[in-house]
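Notes for the structure review
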Amino acid sequence: MDGASLPLDGWIVAAMLPAMTYHSTDAHGVSEINPSVPRMRAILDSIGESGDADHPDVWLTNDDNGWTLTYTDGGVLILENLDDDDSRPRHLRQVSRAR
């Protein structure tokens, strides 16, 4: 299965393997350490609630290695490593929240 067909919940679960420490940040800028899958669904649903056009995204970061999944209000899922300056972000477009 290629990454484009993996459901969004699959990306979330893959990003939170048991031995990892991770945190999420919602559209209001509130961070939460090791949120549950249902809580991450609620965080995705917070997109558009803040009314802040400068920060409409939500993200999930693996604190051990810097890999981050960002989901934008426009339906773009971005995978990037914030700890590696040489790493380039990868974008999946037209990803619905339901996926």
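Every value quoted in this text rests on a predicted model; they were computed, and no experiment measured them.

1. Some points on the sheet that holds strand β2 (residues 31-33)
Spatially, six strands are ordered β2-β1-β3-β4-β5-β6 in an open sheet, and the strand pairing comes out antiparallel. Since the sheet does not close on itself, it has two edges, and those belong to β2 and β6 (90-92), each with one partner. Within the sheet, the average angular offset between the axes of one strand and its neighbour, ignoring direction, is 15°. Pairing between strand β5 (residues 77-81) and β6: three bridges, direction antiparallel. The partner of Leu-77 across the bridge, within β6, is Leu-92. Along the sheet, helix α2 (residues 37-45) contacts β1 (22-25), β2, β3 (58-62) and β4 (67-71); its crossing angle with β3, the most-contacted strand, is approximately 140°.

2. Quick look at the pairing of β4
For β4, the tally of buried residues reaches four of five residues, placing the bulk of the element in the interior. Here β3 pairs with β4 via four bridges, running antiparallel. Bridge pairing in β4 places Thr-61 opposite Thr-68. The pairing of β4 with β5 spans five bridges and is antiparallel. From the neighbouring strand, Tyr-71 faces β5, where its bridge partner is Leu-77. Where β4 hands over to β5, the hairpin turn is made up of five residues, of which Gly-75 adopts a positive phi near 80°.

3. Regarding the side chain of Thr-70
With respect to the secondary-structure elements, Thr-70 resides in strand β4. The class of Thr-70 is buried, set by a relative accessible area of 9%. For Thr-70, the residues in contact, after removing those within four places along its chain, are Asp-57, Val-58, Trp-59, Val-76, Leu-77, Ile-78 and Glu-80.

4. Some details on unusual backbone geometry
The phi angle at Asn-34 is positive, at roughly 50°, despite the residue not being glycine. With a relative accessible area of 38%, Asn-34 lands in the partly exposed category. Of note in the backbone geometry, Gln-94 takes a positive phi value of approximately 60° without being a glycine. In this structure, Gln-94 sits in the segment after β6. Looking at Gln-94, the relative accessible area reads 74%, which means it is exposed.

Rules used throughout
- Residues numbered from 1 in each chain as written.
- Predicted model: local features only at pLDDT ≥ 70, side-chain atom pairs only at ≥ 80, totals over all residues.
- Heavy atoms only, no water.
- Pairing = 2+ DSSP bridges.
- Helix = DSSP H or I, 4+ residues; strand = E, 2+ residues; numbered from the N terminus.
- Axes fitted to C-alpha atoms, helices over the stretch in contact; angles between N-to-C directions.
- Contact = heavy atoms within 4.5 Å.
- Buried < 20%, exposed > 50% of the residue type's maximum accessible area, 1.4 Å probe, protein only.

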